[in-house]
Amino acid sequence: MATARLTLDPAFRIAPVNRRLFGSFVEHMGRCVYTGIYEPGHPGADEHGFRTDVLEMTREMGVEVVRYPGGNFVSGYRWEDGVGPVADRPTRLDLAWQQIESNQFGLDEFMTWTKEAGVEPMMAVNLGTRGIQEACDLLEYANHPGGTRLSDLRIKHGAAEPYGIGLWCLGNEMDGPWQIGHKTADEYGRLAVETAKAMRLVDPRVELVLCGSSNSSMPTFGAWEATVLEHAYDAVDYISLHAYYEEKGDLQGFLASAVDMDRFIDAVVATADHVAAKRRSRKRINLSFDEWNVWNQSAYTGRTDGDYQEAPPLIEDDFTAADAVVVGDFLITLLRHADRVSIACQAQLANIIAPIRTEAGGPAWRQTIFHPFALTARHARGEVLRVEATGPLIDTARHGEAEQLSAVATRDEEGITLLAVNRSATEPLDLVADLRAFGDAQIVSAVCLSDDDPTRINTKDAESTVVPRPLADAKIDGGTLQARLPAISWTLIRLTT
Ligand code: AHR
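The notes below deal with the structure included here. Keep in mind the model is a prediction, meaning the values are calculated, not measured.

### Thoughts on the overall build of the chain
And step 1. Tallying secondary structure elements over the chain gives 10 helices and 26 strands in all.
And step 2. Computed over the C-alpha atoms, the radius of gyration of the chain is 22 Å, within 12% of the 23 Å expected from 2.2 N^0.38 for a compact globule of 497 residues.
And step 3. Over its C-alpha atoms, taken along the principal directions, the chain stretches across nearly 70 × 60 × 45 Å.
And step 4. Out of the 497 residues belonging to the chain, those deemed buried represent 60%.
And step 5. For the chain, restricting intrachain contacts to residue pairs at least 6 apart in sequence, the fraction spanning at least 24 positions comes to 77%.
And step 6. Carbon together with sulfur atoms contributes 49% to the accessible area of the chain, which is approximately 18,400 Å² in total.

Dropping the structure here:
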């Protein structure tokens, strides 16, 4: 039996756990908004038309921040269409996803929803078909207290207090040729810096996210980050990363996907710091990993047939047990980079490659990937600790050699949370953790998500098929924790100190 060892020590501090790492994403796409979070007429809808089952699951998941309204959608969006009396709102073509947008849900509904969900909003402005003026107008509508045309309009629409939205994305995936209003790095960098400067004149408290690459396989990856940062370094706070991973018939490579996420983060940090060095700047640009998830993307052929429908079911992937393990590993990776990754949003929240699925007029249910997110968000608190793991390597065709064990820990006033993934597709792994630095640590709980069949999923009628279950035989002896991690498993061990 292979063994991996690690050490838990309060001195191995990385950074505080930033609660914004537990973010999600709501895009006007498919059924994420309509019949996802919003469905007037649903038997469980509240007075605003919000699905209360989805609201409850969002809170249970521990989501802290939600990015809105896109995604590719935002690059053709007119925010004014989504405010004011619902009956007067225009129906439009959404070119990004080739669907009909009724605008029954917009900024004002989203802000009410965020309050009910207890999450922080993260807004994106349209830098595809629009520019500086429209971004400033939106910000004035949202954040200016009153006494101007746009802030008074918000008040007239029922929101007397400014929304005070702090986090703003300067467009979405502007490097991607599929993006409406796609730009070169120089074109986008110039537009982003001028938009950022103007937005700060409207409200100096905003935090601004510059678009990085849509993924690390883009031919312009690296050069894009360097160029846009050279334009906008002093005007922005974060640069974005997006990444989706899928199995592609190579389970072992897929299970090691977080290795790629890890390298992606390191490369963007290095690029941002390179630009800082060239500018002799002490300012550090941190990372907003504002789209990440598992997505069976090769199965998505796109929508280009001009068949415009309202809220069509789009990319409603069923997630497997293996997908949940990989999602758990992504969260471990994000926590391990907590010193530089400040924001992370799993894409998306409901129906679109989502932890929460719904049936129109029917129930909502938790997919497999719901669980590692919910438990990590609940228990990873306080400070993140490096764990100095050593152990076997596994060979993968996709990522080269990968550590079989992926692990991180957090420490708060009540104890320690140890998160661990066994990435092997076939072999269990013995975990040995040295806890002596914490004295007399005791196990409070140990749960593991794993399944004999890694392709097993949760369904509307069998929602609890793949869920975390108690991990047998985890024990502490003489300051050493021992546990056996099944192949393809995600584990959370909670300890008191
Ligand atoms: O999350 C789905 C889509 O993936 C988003 O709209 C886009 O930003 C990304 O390419």
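### Let's talk about the packing of aromatic side chains
And step 1. Under the counting rule described, the total for this entry stands at 18 aromatic pairs.
And step 2. A centroid spacing of 6.2 Å and a plane angle of 75 degrees characterise the contact between Phe22 and Phe373, whose relative ring orientation is edge-to-face. Of the two residues, Phe22 is situated in the loop between strand E2 (13-16) and strand E3 (23-25) and Phe373 in helix H10 (residues 370-379); the sequence distance between them amounts to 351 residues.
And step 3. Between the aromatic rings of Tyr188 and Trp224, the centroid separation amounts to 5.7 Å while the plane-to-plane angle is 15 degrees, which identifies the pairing as stacked. Pair noted here: Tyr188 is in helix H5 (residues 185-202) and Trp224 is in helix H6 (residues 223-232), with a separation of 36 residues, a long-range link.

### Topic: the environment of Ile332
And step 1. As for its position among the elements, Ile332 is in helix H9 (residues 321-336).
And step 2. Exposure remark for Ile332: the relative accessible area of 1% places this residue in the buried category.
And step 3. Each C-alpha atom of the pair Ile332 and Ala420 lies 7.7 Å from the other, and the pair is 88 residues apart in sequence.
And step 4. Setting aside residues up to four positions removed in sequence, Ile332 forms contacts with Ser406, Ala407, Val408, Leu419, Ala420 and Val421.

### So, the site of the ligand
And step 1. The local shell around the ligand consists of Phe25, Glu27, Gly71, Asn72, Trp97, Asn172, Glu173, Tyr244, Glu291, Trp295 and Gln348.
And step 2. Between Glu27 and the ligand, the recorded distance is 2.6 Å, taken from a side-chain N or O atom to an oxygen atom.
And step 3. Within the contact set of the ligand, an oxygen atom lies 3.0 Å away from a side-chain nitrogen or oxygen of Gln348.
And step 4. For the ligand, whose unbound accessible area comes to 280 Å², protein coverage reaches 95%.
And step 5. Taken atom by atom, the bulk of the ligand overlaps the largest pocket.
And step 6. The class makeup of the residues in the shell around the ligand is 4 nonpolar, 4 polar and 3 charged.

### Thoughts on empty space enclosed by the protein
And step 1. In total, this model carries 2 cavities of 30 Å³ or more according to the counting rule given.
And step 2. Approximately 80 Å³ is the volume attributed to the largest cavity.
And step 3. Taken together, Val74, Tyr77, Trp79, Ala124, Val125, Asn126, Arg130, Gly131, Glu134, Ala135 and Leu138 make up the full set of residues lining the largest cavity.
And step 4. Broken down by element, the lining of the largest cavity gets its largest block of residues, 3 residues, from helix H3 (residues 132-143).
And step 5. Tallied by class, the residues present in the lining of the largest cavity amount to 7 nonpolar, 2 polar and 2 charged.

Basis of the calculations
- Residues numbered from 1 in each chain as written.
- Predicted model: local features only at pLDDT ≥ 70, side-chain atom pairs only at ≥ 80, totals over all residues.
- Heavy atoms only, no water.
- Helix = DSSP H or I, 4+ residues; strand = E, 2+ residues; numbered from the N terminus.
- Rg over C-alpha atoms; globule rule 2.2 N^0.38 Å.
- Buried < 20%, exposed > 50% of the residue type's maximum accessible area, 1.4 Å probe, protein only.
- Contact = heavy atoms within 4.5 Å.
- Areas by Shrake-Rupley, 256 points an atom, 1.4 Å probe, with all protein chains shown as cover.
- Phe/Tyr/Trp six-rings, centres within 6.5 Å; stacked < 30°, edge-to-face > 60°.
- Near = heavy atom within 4 Å.
- Polar contact = N/O pair within 3.5 Å; in protein donor to acceptor, adjacent residues only side chain to side chain.
- 1 Å grid on protein atoms, 1.4 Å probe; cavity = no way out; pocket = protein on both sides within 12 Å on 5 of 7 lines; lining within 4 Å.
- Sits in = over half its atoms within 2 Å of the grid points.
- Nonpolar A, V, L, I, M, F, W, Y, C, P; charged D, E, K, R; others polar.
- Points joined across faces, edges and corners; volume = space filled by probe spheres on them.

Limitation: the analysis is restricted to geometry and does not speak to function.
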